[in-house]
Amino acid sequence: DAGVIQSPRHEVTEMGQEVTLRCKPISGHDYLFWYRQTMMRGLELLIYFNNNVPIDDSGMPEDRFSAKMPNASFSTLKIQPSEPRDSAVYFCASNFRAQTNTGELFFGEGSRLTVL
Amino acid sequence: SQQGEEDPQALSIQEGENATMNCSYKTSINNLQWYRQNSGRGLVHLILIRSNEREKHSGRLRVTLDTSKKSSSLLITASRAADTASYFCAPMNSGYSTLTFGKGTMLLVSP
């Protein structure tokens, strides 16, 4: 398997622009997580899905952030409008829930966002 | 979910030396996982130790768990420059839950 695939790897945009980050989880995984990493706050869980349904979005910082999972193989994280403080590395991770599942997460390589 | 606290925040050693990182957590767990993050990359799962285990080995990695002290340690033996990375612990509560990460230990291994 190719692993969790994220795009774009790098995005530079100007304040006020819309940003869309994309994630393809590992085939067969039914949980998908979006994390954000900054030097100041470390790695924060933003939202996670189970079987394409958002389960907990309490980590989403503001209404400017939204996430969707239209099918089992694709998710987006959208920021509109973007602000400089949104600059961070955004990670997508996936795993599957099974009887013996340990909760191990498989991470993508991240999308580094810079908002000028 | 609960967050683990890694200690020290940064560790600098020479190649061939051993590196020890510690993790503390607050409430009972089902298992505890360690992850590595190389610069500019995503986190990679290293090893998992269950709450009924006290020690586990994987190659040059040795993990211990003391549930009475709510702490774990990760030992990397005979470190290499390629071990330079940030290391995170992630305690998992009983029952399925999300993983929450601390700020990690940044390990620098110099040749």
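Each remark here, short or long, concerns the structure printed above.
What counts, and where the lines are drawn
Counting restarts for each chain, with residues numbered from 1 along the sequence as it is written. Going through the entries in the order they are written, you letter the chains from A and number the ligands from 1. In keeping with the model being predicted, local features are shown solely for residues with a pLDDT of at least 70 and side-chain atom pairs are shown and tallied solely at 80 or more, while totals for entire chains, interfaces and linings include all residues. To obtain the side-chain values, all non-hydrogen atoms of the structure were used and water was disregarded. Numbering goes from the N terminus for both helices and strands, where a helix is a DSSP run of H or I of at least four residues and a strand is a run of E of at least two. Atoms considered for the radius of gyration are the C-alpha atoms alone. The globule rule reads 2.2 Å times the number of residues to the power 0.38. Exposure classes here rest on a 1.4 Å probe applied to the protein chains alone. A residue is buried below 20% of its type maximum, exposed above 50%, and partly exposed in between. Contact definition: two residues touch when any of their heavy atoms are within 4.5 Å. The convention is simple: Lys and Arg are positive, Asp and Glu are negative, and His and the chain ends are not counted. Charged side chains are reduced to one point each, which is NZ for Lys, CZ for Arg, CG for Asp and CD for Glu. Working definition: rings of Phe, Tyr and Trp (its six-membered ring) pair if their centres are within 6.5 Å, and the pair is stacked with planes under 30 degrees apart, edge-to-face with planes over 60 apart, and tilted otherwise. Here, strands pair whenever DSSP counts at least two bridges between them.

**Student:** Any chance you could explain the overall build of chain B here in plain terms?
**Tutor:** When you go through chain B residue by residue, the secondary structure sums to 0 helices and 10 strands. Put simply, chain B runs from its N terminus to its C terminus through helices and strands in the order β-β-β-β-β-β-β-β-β-β. Over its C-alpha atoms chain B spans a radius of gyration of 13 Å, differing by no more than 12% from the 13 Å that the globule rule assigns to 111 residues. With the C-alpha coordinates of chain B rotated into their principal frame, the extents come out at 40 × 25 × 20 Å. For chain B, buried positions account for 49% of its 111 residues. By sequence separation, contacts in chain B at least 24 residues apart represent 57% of the contacts at least 6 residues apart. For chain B, the distance from the average position of its 12 positive side-chain charges to the average position of its 9 negative side-chain charges is 6 Å.

**Student:** Sorry if this is basic, but what is going on with the packing of aromatic side chains here?
**Tutor:** Any pair of aromatic rings gets described here by the distance separating the centres and the angle formed by the planes. In this structure the tally under the stated criterion is 11 aromatic pairs over all chains. Ring centres 6.3 Å apart and planes at 15° place the aromatic pair Tyr31(A) and Phe33(A) in the stacked group. Here Tyr31(A) and Phe33(A) have matching classes, each one buried. The rings of Tyr31(A), Phe33(A), Tyr35(A), Tyr48(A), Phe91(A), Phe107(A), Tyr35(B), Phe88(B) and Phe101(B) are connected pair by pair, giving a single aromatic cluster.

**Student:** Looking at this structure, how should I read the pairing of strand 11 (residues 111-115) of chain A?
**Tutor:** Looking down a regular strand, the side chains alternate between one sheet face and the other. Residues and elements named next belong to chain A. Burial along strand 11 is one-sided: the residues Ser111, Leu113 and Val115 are buried and none of Arg112 and Thr114 is. With 4 bridges joining them, strand 2 (residues 10-13) and strand 11 adopt parallel strand pairing. The residue bridging Thr13 from the neighbouring strand is Val115, located in strand 11. With 3 bridges connecting them, strand 9 (residues 88-95) and strand 11 associate as antiparallel partners. Its bridge partner being in strand 11, Ala88 is matched across the sheet by Leu113.

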